[in-house]
Amino acid sequence: MLSILTVTLPIYILIALGYSVVRWGLFPRDGMKTLGLFVVRFALPALLFKALSQSPVEDVLNGRFLLAYALGSLLSFAWGWFSERQHEDSFRAIRGIGMSVSNTGFVGAPIVLQWLGPSVSVAFALAMIVENLLILPLTLVLAERNQRGGASPSELLGQTLKPLIKNPLILAIFSGFLCAVFEVDLPSPIIRVIDMLAGASGAVALMVIGGTLVGLKTEGMLPDVGKLVAGKLIVHPLCVGVFMFLLMSNQPTLCAAAIALAAMPMMGIYPIIGQKYRHDGFCAAALLMTTVASFFTLLGLMSLLKHFVLN
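Calculation rules
Residues numbered from 1 in each chain as written. Predicted model: local features only at pLDDT ≥ 70, side-chain atom pairs only at ≥ 80, totals over all residues. Heavy atoms only, no water. Phe/Tyr/Trp six-rings, centres within 6.5 Å; stacked < 30°, edge-to-face > 60°. Buried < 20%, exposed > 50% of the residue type's maximum accessible area, 1.4 Å probe, protein only. Disulfide = S-S within 2.5 Å. Salt bridge = Lys/Arg side-chain N within 4 Å of Asp/Glu carboxyl O. Helix = DSSP H or I, 4+ residues; strand = E, 2+ residues; numbered from the N terminus.

Asks: What's the story with the packing of aromatic side chains in this structure? I'm lost.
Replies: Aromatic ring pairs are defined here through the distance separating the ring centres and the angle between the ring planes. Inspection of the entire model under this criterion finds 5 aromatic pairs. A ring pair is formed by Phe295 and Phe296, whose centres lie 5.1 Å apart and whose planes are at 85°; its orientation type is edge-to-face. Take Phe295: its relative accessible area is 18%, and that puts it in the buried class. A network of ring pairs unites the aromatic residues Tyr12, Phe295 and Phe296 as a single cluster.

Asks: How do you make sense of the state of the cysteines when you look at a structure like this?
Replies: Two cysteines, two sulfur atoms, one covalent bond between them: this is a disulfide. Within the structure shown, the criterion is met by 0 disulfides. The thiol sulfur of Cys255 is not disulfide-bonded, and the nearest other cysteine sulfur, from Cys239, lies at 15 Å.

Asks: What's the story with the pattern of salt bridges in this structure? I'm lost.
Replies: Pairs may arise between side chains of opposite charge once their charged atoms sit close together. According to the stated counting rule, one finds 3 salt bridges in the structure shown. Residue Lys50 pairs with Asp195 through a salt bridge whose shortest N-O separation is 3.3 Å. Taken together, the residues span a long stretch of sequence, with Lys50 in helix α2 (residues 29–53) and Asp195 in helix α10 (residues 188–212) at a distance of 145 residues. For Lys50, a relative accessible area of 29% corresponds to the partly exposed category. Taking relative accessible area as the criterion, Asp195 reaches 31% and is therefore assigned partly exposed. Between Asp224 and Lys227 there is a salt bridge, with its nearest N and O atoms 3.9 Å apart. Of this pair, Asp224 and Lys227 both sit in helix α11 (residues 222–247), separated by 3 residues, roughly a single helical turn.

Keep in mind these values describe shape, not function.
Pasting the structure below:
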């Protein structure tokens, strides 16, 4: 347990530091948006590109990992969607993505890399492929289907996928994938720039998460939010774990990395996604409670994985 705590505690100290500097007025809350943009558009894409471009091709083309993570995430999404039939589609879709998409880049990557080392760096890149190219488009299509009555599902999907083409994270994933497949050797100055940007992603991202939690309220939402927190921190890793053991039992380290990634809090832009459908208050409360609760649930889960999967 102590070895696990030495991995997770620094992560949450940085989150607490980000919260504190904004809460005490040492750093403007709006400034966190700028830092967040730096992470999303430069630092995190560099980390993803590095993870994929420097990995063996057989790791990058790991179809079993993609399938297992996708099936587990879809099952968790379905749990959130079908358990709220009394609500409108937008709320059901928001609950679904809240239970099935982790904060892989900002929280998951720093924890998993410190815990299991750079050999599993490809895991969070593959997980982000599932999140950005499967779960996110599915969420937006389901949330929009009753709000754009004249649009067919294929038109909604096209409108949803179009912005992803310009997304720096997606571009980094595919460019890193191509570099790995064709064994492209970049000039050393370019590699150093990528390394410097990638190295900045962890600490800055975690402080951004902490800063964005300032001012979030949970009053009157505890029952509904509690179900979502349990879905994200328990149901999602459980679903991913089932398919990982079915399809990836011969690679226990990657199995542990995938399950740990699924056990992370939901992505930091969760309230922003919910804002469009007037569910931002609920999403903000869920993000706050899940981030706090994950400190304790991750300790337990990582201890179990260490004893029963990695040994």
